[in-house]
Amino acid sequence: EIVLTQSPVTLSSSPGDTVTLSCRASQSISHYLAWYQQKPGQPPRLVMYDGSQRATGIPARFTGSGSGTDLFLTINSLEPDDFGVYYCQHRGSWPPRYTFGQGTNLQI
Amino acid sequence: QVHLVESGGGVVQPGTSLRLSCMASGFDFKTYGMSWVRQVPGKGLEWVAVIWFDGNQKYYADSVKGRFTISRDNSKDTLYLEVNSVSADDTAVYFCAREKEAGGNYFDFWGQGTPVTVSS
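Here's a quick rundown of the structure. (Residues numbered from 1 in each chain as written. Chains lettered and ligands numbered in written order. Predicted model: local features only at pLDDT ≥ 70, side-chain atom pairs only at ≥ 80, totals over all residues. Heavy atoms only, no water.)

**Let's talk about the state of the cysteines**
Working definition of a disulfide: a covalent bond connecting the sulfur atoms of two cysteines. Residues and elements named next belong to chain A. Note the following rule: Here, two cysteine sulfur atoms that lie within 2.5 Å of each other are counted as a disulfide. In this description a helix means any DSSP run of H or I spanning at least four residues, a strand means any run of E spanning at least two, and both kinds are numbered starting from the N terminus. To sort residues, take the accessible area from a 1.4 Å probe on protein chains only and compare it with the maximum for the residue type: under 20% means buried, over 50% means exposed, and anything in between is partly exposed.
If you walk through the whole model with that rule in mind, you get two disulfides over all chains. The side chain of C23 participates in a disulfide bridge whose partner is C88; the two sulfur atoms lie 2.1 Å from each other. Taking the sign of the S-S torsion, 70 degrees for the link of C23 and C88, the bridge is right-handed. Remark: C88 occurs in strand β9 (residues 84-92) and C23 occurs in strand β3 (residues 19-25); sequence separation between them is 65 residues. As far as the burial class goes, C23 and C88 line up, both buried.

**Notes on the interface of chain A and chain B**
When the parts come together, some accessible area is lost, and that loss is often what is quoted as the size of the interface. Defined as follows: In this description, contact between two residues means that some pair of their heavy atoms is separated by no more than 4.5 Å. Buried area counts how much accessible surface, traced with a 1.4 Å probe, disappears from two parts once they are put together, with both parts' losses summed. A side-chain nitrogen of Lys or Arg and a carboxyl oxygen of Asp or Glu constitute a salt bridge if their distance falls within 4 Å. We define a polar contact as two N or O atoms separated by no more than 3.5 Å, with the added condition that, inside protein, one atom must be a possible hydrogen donor and the other a possible acceptor, whereas residues neighbouring each other in sequence contribute only through side-chain atom pairs.
Listed by partner, the interface residues are 22 residues for chain A and 27 residues for chain B. Both faces combined, the contact of chain A with chain B buries some 2,000 Å², and carbon together with sulfur accounts for 61% of it. In terms of surface lost to chain B, no three residues of chain A exceed R97, Y98 and F100 of chain A, which account for 30% of the buried area on that side. Our enumeration of links across chain A and chain B arrives at one salt bridge. Between D62 of chain B and R97 of chain A there is a salt bridge whose closest N-O contact spans 3.6 Å. Our count for the chain A to chain B interface comes out at ten residue pairs in polar contact (both at pLDDT 80 or more).

Next comes the structure, spelled out in structure tokens:
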């Protein structure tokens, strides 16, 4: 079973900064990774899928990169609304198993 | 507009059962795979179960296999999760989530969740 490890666990930054979140897989997952943003009391929101494809409504400030075992989410020009916990997620091929990383808490 | 609304959560005693529901609207429910994902308060996300668009295939996380049953009624646009022999470890918010596309790898819409608290 693939294990996803996110770093850092907590990230404090300021509006206007650029931050990069990391998701490391225990084995190669190619580019098959999604990123979700979750704010307190809300469900997760899909931000990025297939490694680098922005979900509907996600601004171009969000960029996904990497492949294999190391994938990244970069957020440029941070805005206050970007805070929250970011989770990476992968679905194993067969049988289907959906694995989440433990999350990175982005504090603005 | 896609809408997923969970219900059926609450406070339940250890060893009992409950059924969670997720009513869908705003899309052609019968053409999408659906999953349940749970989250212990203050903790991360844990995938629980998935069901194919036609209900013919179902898969479970090892942690719930044998105790949880996922099902759907496409005539009612509703997803279900039967939870048996609950324990304190099942205390969590339970979300239903839609697969982004048929056989998809990701979840593009989520409900607000229904909280389940297991307590005597």
